[in-house]
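Breakdown of the fold
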Amino acid sequence: MSDLANAAIADALDELGDLYELDGAVIHRVLAYHKAAKTIRDAPVSVAALARAGTLTTLPGIGATLAAKIHDLLERGEIPAATKLRERYPTGLLAITALPGLGPKRARRLFDELGVDSPAALRAAADAQQIRSLKGFGAKGEAAILVALAAGGAERPRRRVVLDRALGAAERIVAALREIEPQAQIELAGSVRRRADSVKDLDIVVDNATLLDALGGLESIETASKASASAARGRTHTGMTVELRAVTPDQFGNLLQHLTGSNAHNAALRERAVRTGLHLSEYGVLDDATGVTHHCASEAEVYALAGLAYIPAELRENRGELEAAAAGTLPKLIELSDLRGDLHAHTTASDGHGSIEEMALAARAQGLDYLAITDHSATHGFGDDVSPDQLRRQIELVHEADARIGGIRLLAGSEVNILPDGSPDYEDSLLAELDWVIASVHTSFGLGREEMTERMCRATSHPLIDAIGHPTGRLIERRLPYELDMDALIAACAATGTMLEINSNPDRRDLNEIHARAAAAAGAGILVNSDAHSTERLLGLRYGVWTARRAWLTAADVANTLPWTALAAQSKRARSGT
DNA sequence: GCCGTTTTCGGCCCGACTGTTTTCAGTCG
């Protein structure tokens, strides 16, 4: 049986669901495929391993039929039903359904009646004015198709914006609105509030409708218009869509909960509620028994009516939070103030912009008790490598600064490169002089899955490597993670006592929330580090904490919530006596 | 296709918007 990644299995089920939908299957069957795909994509364990163990149906939404199809995929490399349907419906047809306004039903009509099987064929049919005469279409629909094609909608999905840029824009808008109406309730909603890796647009809820008219006048807004008495829509100069919604204070909780989502969370929440005779919407909670619709000023009231504990926004992805909220077993999530130290930061010795002292003072100002100076190592390129002699000098400088600067403990460390053979790029005798070593991959990203896994697992077996930095190398919306068996790496870390980093750089957030949750479940030590290259970037620790919260982590799951002495005492170095 | 304070069949979240429609289907979030 092959060892497909969860994401690959999920993609296959999503595709099959789309094909079934084109084929006219009942919508609930289609949804079953997409739900199962999401469950698999979010699973903190290897689904291929579950298949080998014969326990696939323990996953919610996976029954006998889907389990059999997943077995086919793993054993034969394909799902026969998908292969058959692909022969009937060309891939170009699926591309057409990605166009705004064109779903499976209308795409199917274009295919059946005009033979349209690709974006190019669609353009030709629209140019020839063949579409307007079709049932369900018209001249307007035909024009909309041409507009969507011209916008390139069929080739690429609309780009998502990485959280820090989106959050910056959102916070500027909220601050500007607060200046106009200081008494109003103004809250971010949507995926920005859930602290997702990236977001598509900005949702903001206010309890004062006069603010709807103010949106267009804000400095950061390029254009805006009032869509209704309770909504305004605008666009920032950077091209992000902003949806501003106004509601009376007594329904503020209903709307905020609705717009915060996620869609999967809300759908599952409403399905649960229906079973107890309640119907949730953005307007209130309708009780079948009494016919009364309850309005909720706060989100906590919405969840309480549904019989649930309050669910923090970061957990609202339908990854088990509803069940935990019903059972009273939601974790007490880690907070930024729980972090006691930061074990990954750079200075001007390599590619950072601050001195040791500047970084130390900035970390102290943030309330941290310790900071590891971990500049790049001997083989780092770009002319900012640190030779062995320079590192010896750097160790002295860190110790000297540590003695001089009060209120923070400075640790002499390094971010060493993991060479393709899995070894670090300093001699062991030099590594032994350091307080802290974090090891990362910065070269040879293109190794095969097995070689890369072997390379990284080998690094974890090195007695002087304390932790693995940004373990997958991904850059959100820019670079895919390298091929790696994360289950194997997590197991190797747990076995050797090597810690895994959640890198807080908002472009990385690596480990991601799925892997971080899996690592915690496997008993691996987890760090939330800034990887700061400047004093300002130390503030980025909140992104790593948000990833940790989305991974369900508590303070006890994250090693650098401990004082340095306690962390050092339980490190693998201390345990092995090196 | 899944699932069970409606248990092995009959349901399956809610509402807005759009365009093509005389009451609604399709799409979207």
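Above this text you will find the structure in question.
With that out of the way, let us pick up the protein's contact with DNA strand B. Around DNA strand B, the surrounding shell holds 37 residues, and the nearest of these are Gly-63, Gly-103, Arg-270, Glu-271 and His-279. The contact atoms of DNA strand B, taken as those within 4 Å of the protein, divide so that sugar and phosphate hold 79%. Contacts to DNA strand B include Gly-103, whose backbone N or O atom sits 2.6 Å from a phosphate oxygen. Where the surface near DNA strand B is concerned, the elements lending two or more residues are helix H2 (27-42), helix H4 (64-76), helix H7 (104-114), helix H9 (139-150), helix H13 (263-275) and strand E8 (278-281). Here the surface near DNA strand B gets 6 residues from one element, more than from any other, and that element is H13. When grouped by side-chain class, the residues that make up the surface near DNA strand B number 16 nonpolar, 12 polar and 9 charged.

Moving on: the pairing of strand E17 (residues 526-529). On E17, burial covers both faces: Ile-526 and Val-528 on one face and Leu-527 and Asn-529 on the other are all buried. Bridge analysis of strand E16 (residues 499-503) against E17 gives 4 bridges, and the strand direction is parallel. Residue pairing across strands places Glu-501 opposite Leu-527, the latter belonging to E17. Read from E16 through helix H21 (residues 513-521) to E17, the crossover connection turns out right-handed.

Burial runs high along strand E13 (residues 409-417): 8 of the 9 residues are buried. Bridge analysis of strand E12 (residues 370-376) against E13 gives 7 bridges, and the strand direction is parallel. Paired with Leu-371 across the strands is Leu-410, a residue of E13. Relative to strand E14 (residues 436-440), E13 runs parallel, the two being bridged by 5 bridges. Among the inter-strand pairings, Glu-415 is bridged to a residue of E14, identified as Ile-438.

This next bit is on the packing of aromatic side chains. As enumerated under the stated definition, the model contains 7 aromatic pairs in all. Between the aromatic rings of Tyr-303 and Tyr-310, the centroid separation amounts to 6.1 Å while the plane-to-plane angle is 85 degrees, which identifies the pairing as edge-to-face. What makes Tyr-303 buried here is its relative accessible area of 0%. Residue Tyr-310 is classed as partly exposed on the basis of its relative accessible area, which comes to 38%. Ring geometry for Tyr-370 against Trp-564: centres 5.7 Å apart, planes inclined by 50 degrees, an arrangement best described as tilted. Remark: Trp-564 occurs in helix H23 (residues 564-569) and Tyr-370 occurs in strand E12; sequence separation between them is 194 residues. As far as the burial class goes, Tyr-370 and Trp-564 line up, both buried. Linked through ring pairs, Tyr-370, Trp-436 and Trp-564 together constitute an aromatic cluster. Of note, Arg-106 hangs over the ring of Phe-137, and the distance from its end group to the ring centre comes to 4.3 Å. Arg-195 extends its terminal NZ or CZ atom over the ring of Trp-546, reaching a point 4.2 Å from the ring centre.

Mapped onto the fold, Thr-561 is located in the loop between helix H22 (541-550) and H23. We classify Thr-561 as buried; its relative accessible area is 15%. Among the polar contacts listed, one links the side chain of Thr-561 to the backbone oxygen of Ala-555, at a separation of 2.9 Å. Excluding anything up to four places from it in sequence, Thr-561 contacts Ile-334, Asp-338, Leu-339, Arg-340 and Ala-555.

The next subject is the pattern of salt bridges. The full count for this structure, using the stated rule, is 36 salt bridges. The partner of Asp-3 in a salt bridge is Arg-52, with the nearest N and O atoms 3.1 Å apart. Of the two residues, Asp-3 sits in the segment before helix H1 (6-22) while Arg-52 sits in helix H3 (residues 47-53), which places them 49 residues apart along the sequence. Assessed through its relative accessible area of 48%, Arg-52 is described here as partly exposed. Between Glu-113 and Arg-109 there is a salt bridge; the shortest N-O distance is 3.6 Å. Highlighted residues: Glu-113 and Arg-109, both in helix H7, separated by 4 residues, approximately one helical turn.

How each quantity is defined
- Residues numbered from 1 in each chain as written.
- Chains lettered and ligands numbered in written order.
- Predicted model: local features only at pLDDT ≥ 70, side-chain atom pairs only at ≥ 80, totals over all residues.
- Heavy atoms only, no water.
- Near = heavy atom within 4 Å.
- Polar contact = N/O pair within 3.5 Å; in protein donor to acceptor, adjacent residues only side chain to side chain.
- Helix = DSSP H or I, 4+ residues; strand = E, 2+ residues; numbered from the N terminus.
- Nonpolar A, V, L, I, M, F, W, Y, C, P; charged D, E, K, R; others polar.
- Buried < 20%, exposed > 50% of the residue type's maximum accessible area, 1.4 Å probe, protein only.
- Pairing = 2+ DSSP bridges.
- Right-handed = clockwise from strand over helix to strand, strands pointing away.
- Phe/Tyr/Trp six-rings, centres within 6.5 Å; stacked < 30°, edge-to-face > 60°.
- Lys NZ or Arg CZ within 6 Å of the ring centre and 35° of its normal.
- Contact = heavy atoms within 4.5 Å.
- Salt bridge = Lys/Arg side-chain N within 4 Å of Asp/Glu carboxyl O.

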